[in-house]
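Each chain, letter by letter, is given below.
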Amino acid sequence: MSVLTAILVFGGLALLFGLILGFAAVRFKVESDPIVDQIDAILPQTQCGQCGYPGCRPYAQAIANGDAINKCPPGGDATIKELADLIGVEAKPLDSAHGAEDVKKVAVIREDECIGCTKCIQACPVDAILGAAKHMHTVIAHECTGCDLCVEPCPVDCIDMVPVPTKPETWQWDLQQIPVKMVATADQES
Amino acid sequence: MTADPKTIAAGHIWTFPGGIHPPERKELSNTYPLRELPLATHYSVPIKQHSGEPGDIIVRVGQTVLAGQPLTQVGVGFGLPVHAPTSGTVTAIGPGRIAHPSGLPDIVITITADGKDTFAPPLPIQDVATASRADLLEQLRQAGIAGLGGAGFPTAQKLALQRPLDYLIINGVECEPYISADDRLMREHATTILRGTDLLLDITQCPQALIAIEDNKPEAIAAMQAALTDYPRMQLRVVPTKYPSGGEKQLIQLLTGRQVPSRGLPIDIGLVMHNVGTAYAVARAIDHGEPLLQRVVTVTGEHVAKPGNYWVRLGTPVEHVLQVTRYTAEINQRVIMGGPMMGFTLPDLTVPVVKITNCILVPSTAELAPPQQEMPCIRCGACADVCPAQLLPQQLQWLAKAKDYDGLNQQNLFDCIECGACAYVCPSEIPLVHYYRKAKAEVRNIAREKAKAEVARERFEARNERLEREKAERLERHRKAAEARKQAQAEAVKAGADNPQDAVQAAIARAKARKAAQLKEQQANSETDGESS
């Protein structure tokens, strides 16, 4: 009798928990793999493909599947450190096979040389180039991620990658300030 | 003591932690009455002189402008216009020096003065008593009024927040050494300041105002006290001299015993604060229709022969100010915009005076020693004792050096008001505030980059989606076209035309027949060969 009770009790419990878990699995279903989203959020979204994947999200997917975390030159050491913290692996120096960390750049089209071939428009991963066939193209500077992908397809080599200029808003205090010299004015010289 | 309303109304003065007592040196400049600075030959007006977005330029090179004519206009929302400081011709629009510690250029409108100083007709509010709140705010915005205390936040924007208020605080503390611009303004224009305060009370629908002055300005206190008899809604509060009691959060703590929450605004605790200079500008803008064209600037330091407080038109090059006040430069002379605690050294003298310029300081090496070699921290803890925000300056410094931005957030870096008290007392001459400013700029840059990356991600995903969609559409189009062709054929056959399929079948049949014929022929040949052999 007691054996039967035990079987009934545990069977009942198993059924109950099974139902709860089953319900939770449906009710709290996770749409996508959250770790990929988290990795994607850390990557710089340059979409440059220097890692060997066609964009940041595919690389995030690859990292989630166990690829190395040191293949992103635009992110540099800061990104590697963040990724290492997130997925609990050791931070490695940037893999030089994929390029070196560089200053932030923006593409600029020399507009009088542009022939309007639209090849750069097709290459741009973030649709930051504006133009139409046989019309001049231009880069929307604040949308450009500086990925470099438009430079190679240009048949007339009229695209330059120039460093993003520092503005007073983005300027950083320089700790090693050079002592400022005053230039004597005409008034003083007299 | 708790911060109950009765104690505040009774005039109790609380205290705030930390603070320092540097030499005040206000006597260099505060004994001279306000003077008008003679006009310069040219002015360079940066289009962004406040915190926020610049307006759109509405003048061309070569255009003649009158004093007070707007040079930029702003749309709805953030931003303030700038105005021509005198009449003359616009001679250049382009990158030029601005009043910023980086020395980086920004867009500047250069005006060559014609010397006549003709004013554009002012547009005062006709009937202030019946004017709507929105009209008054628009008037302040069009007058280009930004907070003249230092941060340069657009005044109309600050006033536009509608929350229940207990007190409006008018800040005439002016705790920074050397500066006496607010002091002289209060001594000579007390009634206009109080008129502006009255207007601010009406606009904010605030019941009462507190006017705070440090006890080292007895003349200003007397002048304001005398003028206050006409304004029952306002009370004077004299606070003890201590730096930085003029800081917004510190003054709130002194007058009300309340603390502004971390990353919060005074309005969150029912308070709003404006500078005395701002109150003056508000009165001039509403009663007289005067845009913000000039401000009081303290020109001081031992290397200025004629120190004092001057009405300086915005856009006047510092060089002109110093020539008029006859400065003498020593080797490696520093010219500081702002006070000795919070100001910055100018990259050169073409920098113009802007809305937030309260002082130009030309010190001798003896009175203000240049920064010394930084030495290692000896952990004396003096910085933590004087920090008015109760932060841990040592800890912040180490975290800033290690670029540990999470740690800096945990230590509330953004509550630092950059008053410089910690660096002032540091025996190792560590430029602590520089470290904090740099770390703050980096944290902001990281946030900006993150926001930009988010936009890039969205655009990348949108593009991928578009490419997929286009591909699917193309395939669908092809499929439909093929189907349509088939259907058209079927219909044509039904209508009695030749079925192309029949032709194909016929051709296949013909080919088969030919093959069969060839095969037969071969067999026949081989048979004859066999027979012959």
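Above this note sits the structure.
Residues numbered from 1 in each chain as written. Chains lettered and ligands numbered in written order. Predicted model: local features only at pLDDT ≥ 70, side-chain atom pairs only at ≥ 80, totals over all residues.

J.: Just to check I follow, could you spell out the overall build of chain A for this structure?
T.: From N to C terminus, chain A includes six helices and four strands. Put simply, chain A runs from its N terminus to its C terminus through helices and strands in the order α-α-α-α-β-α-β-β-β-α. Residues classed as buried in chain A amount to 23% of the 190 residues present. The long-range fraction of contacts in chain A, counting pairs at least 24 apart against all pairs at least 6 apart in sequence, stands at 58%. (Helix = DSSP H or I, 4+ residues; strand = E, 2+ residues; numbered from the N terminus. Buried ≥ 20, exposed ≤ 12 C-beta atoms within 10 Å, placed from the backbone. Contact = placed C-beta atoms within 7 Å.)

J.: Help me out: how do you make sense of helix α5 (residues 190-204) of chain B in this one?
T.: The periodicity of an α-helix, 3.6 residues per turn, causes residues three or four positions apart to be oriented the same way. All names here are of chain B. Helix length check: α5 (15 residues) gives 21 Å between terminal C-alpha atoms against 21 Å at 1.5 Å per residue, within 8%. Along α5, twelve of the 15 residues are buried, which leaves the element largely enclosed by surrounding structure. Those residues of α5 that sit buried are Ala 190, Thr 192, Ile 193, Leu 194, Arg 195, Gly 196, Thr 197, Leu 199, Leu 200, Leu 201, Ile 203 and Thr 204. (Expected span 1.5 Å × (residues − 1).)

J.: Is there a simple way to think about helix α14 (residues 432-494) of chain B in this case?
T.: Between the first and last C-alpha of α14 of chain B there are 92 Å, a value that for 63 residues agrees with the 93 Å anticipated at 1.5 Å per step. Taken as a whole, α14 of chain B has its buried residues at Leu 432, Val 433, His 434, Tyr 435, Tyr 436, Ala 439, Ala 453, Ala 456, Arg 457, Arg 459 and Phe 460 of chain B. Tucked inside the fold, the buried residues of α14 of chain B contact α3 (56-64) of chain A together with α10 (382-386), α11 (393-401), α12 (405-410) and α13 (421-425) of chain B. Just downstream of α14 of chain B, Gly 496 of chain B is the residue with a positive phi angle, here 110 degrees.

J.: Honestly, the pairing of strand β6 (residues 88-96) of chain B in this entry has me stumped. Any pointers?
T.: The side chains of a regular strand alternate, residue by residue, between the two faces of the sheet. Here strand β4 (residues 64-65) of chain B pairs with β6 of chain B via two bridges, running antiparallel. Within β6 of chain B, the residue paired with Thr 64 of chain B across the bridge is Thr 89 of chain B. (Pairing = 2+ DSSP bridges.)

J.: Hey, could you run me through the sheet that holds strand β8 (residues 167-172) of chain B in this one?
T.: Pairing between sheet strands relies on hydrogen bonds along the backbone, with the strands arranged either parallel or antiparallel. Residue and element names in this part refer to chain B. Strands sit in the order β10-β9-β8-β11 across an open sheet of four strands; the sheet is parallel. Each edge of the open sheet carries a strand with a single partner, namely β10 (234-239) and β11 (271-275). Put simply, the sheet's adjacent strands are angled 25 degrees from each other on average, direction ignored. One ladder, built from six bridges, connects β8 with strand β9 (residues 208-214); its direction is parallel. Residue Gly 172 lies in a different strand from β9, and its bridge partner there is Ile 213. Across the sheet, α5 is in contact with β8, β9, β10 and β11; its angle to β8 comes to roughly 150 degrees. Helix-sheet contacts for helix α7 (residues 248-256) involve β8, β9, β10 and β11, and the interaxial angle to β8 is about 120 degrees. (Axes fitted to C-alpha atoms, helices over the stretch in contact; angles between N-to-C directions.)

J.: What am I meant to see in the environment of Gly 94 of chain B here?
T.: All names here are of chain B. Secondary-structure assignment places Gly 94 in strand β6. With 34 residues separating them in the primary sequence, Gly 94 and Val 128 have C-alpha atoms 39 Å apart. In contact with Gly 94, other than residues within four places in its own chain, are Ile 107 and Val 108.

J.: Help me understand the sheet that holds β4 of chain B, please; the structure alone is not making it clear to me.
T.: The strand order β2-β7-β6-β4 (chain B) describes an open sheet built from four strands, whose pairing is antiparallel. What marks the edges here is a single partner per strand, and that holds for β2 (42-46) and β4 of chain B.

J.: Just to check I follow, could you spell out the interface of chain A and chain B for this structure?
T.: Bring the parts together and some accessible area is lost; that lost area is often taken as the interface size. On the chain B side, the residues contacting the 27 residues of chain A number 29 residues. When grouped by side-chain class, the residues that make up the side of chain A that touches chain B number 13 nonpolar, nine polar and five charged. (Nonpolar A, V, L, I, M, F, W, Y, C, P; charged D, E, K, R; others polar.)

J.: Hey, could you run me through the packing of helix α2 (residues 34-42) of chain A against α3 of chain A in this one?
T.: To describe two helices that pack against each other, one gives the angle between their axes and the distance between the axes. All names here are of chain A. Axis separation between α2 and α3 bottoms out at 8 Å; the angle between their running directions is 125 degrees. On the basis of the axis angle, α2 is oblique to α3. Helix-helix and strand crossings are classified by hand; for α2 and α3 the assignment is right-handed. Contact residues: α2 offers Ile 35, Val 36, Ile 39 and Asp 40, while α3 offers Cys 56, Arg 57, Ala 60, Gln 61, Ile 63 and Ala 64. Tallied by class, residues from the contact of α2 with α3 come to seven nonpolar, one polar and two charged. (Parallel < 35°, antiparallel > 145°, perpendicular 65-115°, else oblique. Left-handed = near helix turned anticlockwise from the far one by under 90°.)

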